[in-house]
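Below are the chains, spelled out letter by letter.
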Amino acid sequence: DPASKVPWATWDEAGYVNTPAAQQLASEAASQSIVLLKNVARTLPLKAVGAATRKAMTVAVIGRNANATSNMQGNYFGTAPFLISPIAGISKHAKTVYSDGVDTEAAAKLVAEADAVVLVVGLLSDCSLEGKRAPGAACALGKSDEAEGHDRTSLLLPGNQDALIADVASAASKKKIPVALVVMSGGQLDISEHEANPHVGAIVWCGYPGQSGGAAIADILFGHTNPSGSLTLTWYKEEFTQQVKATDMGMRPDKTTGNPGRSYRFFTGEPLYRFGHGLSFTAFEHTLRTVGSATVESSAIEAAGRPLPADRVAGMTLSLSMLSKTTVLSLECNTTNVGDYDGAKPILIF
């Protein structure tokens, strides 16, 4: 809030707001939340070209969110001390040429000037702060693609963005330069066309990454940060929107209504990306085992105070040392980095 409306306006002066530690936390949150969805033949991290002649890499940064600032905050936020756009972040690592992607043909021609292409596309959640009309879509002042009180009816990229990605990737393939797609959105999108496109080498989802978003994106594109994020929800294909009404609250499949079910637990279709999906620049090996396991009777296991049915318990092993009404299984997982990058990996067990 503005200082004039805050009775304790000296909080800023006292060093509680916008401290170096807070800025670092915002940067780390952005980096850790970015998810690498696709990375064919090590498209990422981008590698400098012409090292022998010390030629600087030129990156074509293209798309409606390539120069995003306010939109990186979503639609519910305070006053940021600064906003690092994707192109500003990339410009710290390479020379850049820019197009907002409104003119698809002009954007494709920009590829001729580049050694690599980064397309920054996606949704608008706060387009009222980005201008009266958002690049690539008819977005009137005060409107957005997704926001509190404004749901989407489609999982497809709005405007000309699918055509933009296809045309730019095709032009880049003729020049044999890498193409990385960065998707900015709060909810999932059906980008199956680009997942299947061999000319799109890498796809990164950054959510709405906040004040340091552009720097965090660039650090991953150039390998200064190894992505470790995992998807927090199942990504469906567009057909899902036709199979179940938004007002149908059922989680489980329902043949009578055509509801295919929701979430990693109940969805019976083939998702675009599964819950928990997230790649890395390195490789991990996992060894999972039960600790001090023993078979127990069903009466010894309770969930929310109620005994579980015998068929749910059959064969279940438990740690005797940790056995309680709330602990039904104790596991130990050893994870080894067997690749050539330092990295972090969230362990998800279902």
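The structure we're discussing is the one just above.
Residues numbered from 1 in each chain as written. Predicted model: local features only at pLDDT ≥ 70, side-chain atom pairs only at ≥ 80, totals over all residues. Heavy atoms only, no water.

**Brief notes about the overall build of the chain**
Looking only at helices and strands, one finds ten helices and twelve strands in the chain. Residues counted as buried form 42% of the 350 residues belonging to the chain. Sequence-distant contacts, at least 24 apart, represent 73% of the contacts inside the chain between residues at least 6 apart. Roughly 18800 Å² of accessible area belongs to the chain as shown, and the carbon and sulfur atoms make up 53% of that amount. (Helix = DSSP H or I, 4+ residues; strand = E, 2+ residues; numbered from the N terminus. Buried < 20%, exposed > 50% of the residue type's maximum accessible area, 1.4 Å probe, protein only. Contact = heavy atoms within 4.5 Å. Areas by Shrake-Rupley, 256 points an atom, 1.4 Å probe, with all protein chains shown as cover.)

**Side note on a nonpolar patch on the surface**
Together, Leu288, Leu329, Leu331, Ile347 and Ile349 line one region of the surface with nonpolar side chains, adding up to about 420 Å² of accessible area. Note that Ile347 resides in the segment after strand E12 (331-337). (Patch = residues over 30% accessible without salt bridge, like charges linked within 9 Å, V, L, I, M, F, W, Y side chains within 5 Å. Salt bridge = Lys/Arg side-chain N within 4 Å of Asp/Glu carboxyl O.)

**Considerations on the nonpolar core**
Counting residues in hydrophobic clusters, the biggest one holds 63 residues, and the most contacted among them are Val117, Leu119 and Ile191. Contributing elements (two or more residues each) for this core: strand E1 (35-39), strand E2 (58-62), helix H3 (86-91), strand E4 (116-122), helix H5 (161-175), strand E5 (179-184), strand E6 (202-205) and helix H7 (213-221). Contacts of Ile191, omitting those with residues within four sequence positions, involve Leu37, Leu157, Val183, Ile203, Trp235, Leu272 and Tyr273. By size, the runner-up hydrophobic cluster in this structure holds five residues, among which are Leu155, Tyr236, Val244 and Phe267. (Core = buried A, V, L, I, M, F, W, Y, C linked by side-chain atoms within 4.5 Å.)

**Here's the deal with the pairing of strand E3 (residues 95-99)**
When E2 meets E3, the two strands line up parallel, connected through five bridges. Residue pairing in the sheet places Val61 in a bridge with Tyr98 of E3. For the crossover that starts at E2, traverses H3 and ends in the parallel E3, the hand is right-handed. (Pairing = 2+ DSSP bridges. Right-handed = clockwise from strand over helix to strand, strands pointing away.)

**Looking at the side chain of Ser85**
Locating Ser85 in the fold gives a position in the loop between E2 and H3. In terms of polar contacts, Ser85 uses its side chain to reach the side chain of Asn67, at 3.4 Å. (Polar contact = N/O pair within 3.5 Å; in protein donor to acceptor, adjacent residues only side chain to side chain.)

**Focus on the pattern of salt bridges**
All told, the structure shown has six salt bridges when counted by the stated rule. One salt bridge connects Glu105 with Lys109, and the closest N-O pair in it is separated by 3.7 Å. Of this pair, Glu105 and Lys109 both sit in helix H4 (residues 104-109), four residues apart, roughly one helical turn. Pair check on accessibility: Glu105 and Lys109 agree, each one exposed. Among the salt bridges present, the one from Glu332 reaches Arg289, with a minimum N-O distance of 3.0 Å. Within this pair, whereas Glu332 is found in strand E12, its partner Arg289 is found in strand E7 (residues 284-290), the two being separated by 43 residues in sequence. By relative accessible area, Glu332 is classed as partly exposed at 28%. Residue Arg289 is classed as partly exposed on the basis of its relative accessible area of 45%.

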